[in-house]
Amino acid sequence: MSPEDDLTQTLLETVRERDPEQPTFYQAAEEVLHSVVPFVASTSAYRENAILSRLLEPDRVISFRVSWEDDHGGVHVNRGYRVQWTNALGPYKGGLRFHPTVNLDVLKFLGFEQTFKNSLTGLPMGGAKGGADFDPKGRSEREIMRFCQSFMTELYRHMGEDTDVPAGDIGVGPREIGFLFGHYTRLANHWSGSMTGKALSYGGSEGRVVATGYGCVRFCQNMLQHVGQSLEGKRVVVSGAGNVALHAARRAMDSGATVVSLSDSGGCLHAPTGFTPEQWEWIRALKEERYGRLAEAPEALSGLEYKPGATPWDLPCEVALPCATQNELDAPAARALIAGGVKVVCEGANMPTSREALHLFQEQRVTIGPGKAANAGGVATSGLEQTQNSQRESWSKERVLERMDAIMDAIHAKCVRYGEDGDGRVDYVRGANLAGFLRVADALLAYGIR
Ligand code: NDP
Ligand code: 2IT
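A short tour of the structure in this document, coming up.

Definitions and limits used
Residues numbered from 1 in each chain as written. Chains lettered and ligands numbered in written order. Predicted model: local features only at pLDDT ≥ 70, side-chain atom pairs only at ≥ 80, totals over all residues. Heavy atoms only, no water. Helix = DSSP H or I, 4+ residues; strand = E, 2+ residues; numbered from the N terminus. Rg over C-alpha atoms; globule rule 2.2 N^0.38 Å. Buried < 20%, exposed > 50% of the residue type's maximum accessible area, 1.4 Å probe, protein only. Contact = heavy atoms within 4.5 Å. Lys, Arg positive; Asp, Glu negative; His and termini not counted. Charge placed at Lys NZ, Arg CZ, Asp CG, Glu CD. Axes fitted to C-alpha atoms, helices over the stretch in contact; angles between N-to-C directions. Parallel < 35°, antiparallel > 145°, perpendicular 65-115°, else oblique. Left-handed = near helix turned anticlockwise from the far one by under 90°. Pairing = 2+ DSSP bridges. Salt bridge = Lys/Arg side-chain N within 4 Å of Asp/Glu carboxyl O. Near = heavy atom within 4 Å. Polar contact = N/O pair within 3.5 Å; in protein donor to acceptor, adjacent residues only side chain to side chain. Nonpolar A, V, L, I, M, F, W, Y, C, P; charged D, E, K, R; others polar.

## Some details on the overall build of the protein chain
Next up, step 1: Looking only at helices and strands, the protein chain has 17 helices and 12 strands in total.
Next up, step 2: For 450 residues, the compact-globule estimate of 2.2 N^0.38 gives 22 Å, and the protein chain sits close to it at 21 Å.
Next up, step 3: Buried positions account for 57% of the 450 residues belonging to the protein chain.
Next up, step 4: Long-range pairs, those at least 24 residues apart, make up 71% of the contacts in the protein chain with a sequence separation of at least 6.
Next up, step 5: A gap of 3 Å separates the mean positions of the 47 positive and 56 negative side-chain charges of the protein chain.

Shown next as structure tokens:
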């Protein structure tokens, strides 16, 4: 075994022994270690200061009970968390997820990934993630409000503009941010930019709603441009129908691509000739304003088909944008995409590609834009929201999106710098992991052992 393999195995064994029930965190750790260990093994300062062992353990995990009352007087208890991974580069920063699948394993994988993503943006942001195993589906607005207020009743004491700045993620959008931030200002008796993703009327940033999806398409365009191509005329499949998916689909359409799918946990909405801007707008309002389901679309919009239980992966395409959730794209899905002609997979979601699928894509030389680079536009724009809040300013949408695009271009350039292979091809997975790692690692070295 080479010294590199030896170090990787030792680190992974520690992760597995310490937390045998955390396979998703293990998957994220394995991918990062695979990229950075060859570099670390040859750099004595990183090795001697155990930088990787320290990065594999979060600064702090907070877990708490969230009790709340439904509309009929029934009492429910959920579990809430905040995983504060590291504040080496700035205040803890990352979203909150409300979904029944939330547990410590999932939030540790997300907090770990967030750390490298935030580092890649070049902004002063540490890494964190939080959430609860609460299922907002089928709950009334008042129930969601009461849940958010109860959740914040504990979380507020761990937050602050210079301490920890949460935002949204799956199941936490502008409505939930409103309930959470409204309760925060009351409990803390303090208004500051201690949450992002706020609405425009109370300190939110122009462009934050579209940022993750738009940034993902910008990153995809950068990857295509690097090999002399563009999105124009390409067939694109998108999974998900939430914040990231909707706006990724829109920017791809506006860039001349034919977007043939959206999806949700119930199935796939297929648009054989591509969504029109009018159809897209109807679906956006369905999801963002009426909290409806994709299955409702074909009744109102002709030419679309909703297939229950289906995913978008067997539709022929050149570009795939997985924008729903982790491990949604598994080995059979990867084989179907490869058979359908996919050339580029650009991850709007966090770790949507399973380990096996990633290997299949790499074998077949399908270019992967990893989530920690490709979906960084959301948190980068959160960073711009923090800047505006500190300055008591509101920038125009053009100004925000121009800066977000510039950050995405800079992340792409870093991935190329650290991921270029001898033959001129770019391994974006390695490039993103290594570039993200180096900034955090150098801060940890500067701080001494802590
Ligand atoms: P939303 O809650 O707005 O939308 C999530 C979408 O994904 C829904 O269409 C949902 O369908 C679908 N989905 C969720 N879980 C599953 C599942 N297990 N199987 C199939 N479909 C599923 O979340 P976002 O759009 O904000 O987040 C999507 C992804 O992007 C996540 O991985 C998130 O971590 C990542 N991300 C989000 C950022 C942001 O700024 N919001 C920033 C960077 C990354 P259904 O309604 O049926 O559950
Ligand atoms: O995964 C992510 O980057 C997010 N959910 C956004 C985090 C943020 O703080 O804006």
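Next comes the rest of the account.
## Comments concerning the packing of helix α8 (residues 208-226) against helix α16 (residues 397-419)
Next up, step 1: The N-to-C vectors of α8 and α16 enclose an angle of 45°; their axes lie 9 Å apart at closest approach. Between α8 and α16, the crossing angle belongs to the class labelled oblique. As for the relative orientation of α8 and α16, their crossing is right-handed in sense. Contact with α8, carried on its side by Val-210, Ala-211, Tyr-214, Gly-215, Arg-218, Phe-219, Asn-222, Met-223 and His-226, involves Lys-397, Leu-401, Met-404, Asp-405, Met-408, Asp-409, Ile-411, His-412, Cys-415 and Val-416 of α16 and no other residues of that element.

## Points about the sheet that holds strand β8 (residues 267-270)
The pairing of strands in a sheet happens through backbone hydrogen bonds and is either parallel or antiparallel.
Next up, step 1: Here seven strands make up an open sheet; going across it, the order is β9-β8-β7-β6-β10-β11-β12 and the pairing mixed. The outermost strands of the open sheet, each flanked by one partner alone, are β9 (305-308) and β12 (367-369). Within the sheet, the average angular offset between the axes of one strand and its neighbour, ignoring direction, is 15°.
Next up, step 2: Relative to β9, β8 runs antiparallel, the two sharing four bridges. What sits directly across from Gly-267, in β9, is Pro-308.

## Let's talk about the sheet that holds strand β4 (residues 127-132)
Next up, step 1: Taken together, the five strands give an open sheet; going across it, the order is β1-β2-β4-β3-β5, and neighbouring strands pair in mixed fashion. Looking at strand neighbours, the two that pair on one side only are β1 (60-69) and β5 (164-167), the edges of this open sheet. Neighbouring strand axes in the sheet, compared pairwise and without regard to direction, differ in orientation by 20° on average.
Next up, step 2: Note that strand β3 (residues 92-98) and β4 share three bridges and pair parallel. The residue bridging Phe-98 from the neighbouring strand is Ala-132, located in β4.

## Thoughts on the pattern of salt bridges
Next up, step 1: Applying the stated criterion to the full structure yields 24 salt bridges.
Next up, step 2: Ionic pairing is found between Glu-113 and Lys-372, a salt bridge with its closest N-O pair at 3.3 Å. With Glu-113 in helix α5 (residues 104-121) and Lys-372 in helix α14 (residues 371-374), this pair connects stretches of sequence that are 259 residues apart. The pair Glu-113 / Lys-372 is uniform in exposure class, with both members buried.
Next up, step 3: Among the ionic pairs, Glu-176 bridges to Arg-175, the shortest N-O distance being 3.1 Å.
Next up, step 4: Under the relative-accessibility criterion, Glu-176 is labelled buried at 4%.

## Quick notes on the site of ligand 2
Next up, step 1: Around ligand 2, the structure places 14 residues, and the nearest of them are Lys-93, Lys-117, Lys-129, Asp-169 and Ser-382.
Next up, step 2: One of the side-chain N or O atoms of Gln-114 is found 3.0 Å from an oxygen atom in ligand 2.
Next up, step 3: Every element with two or more residues in the shell around ligand 2 is listed here: β3, α5 and α15 (376-391).
Next up, step 4: A class-by-class count of the residues in the shell around ligand 2 yields two nonpolar, seven polar and five charged.

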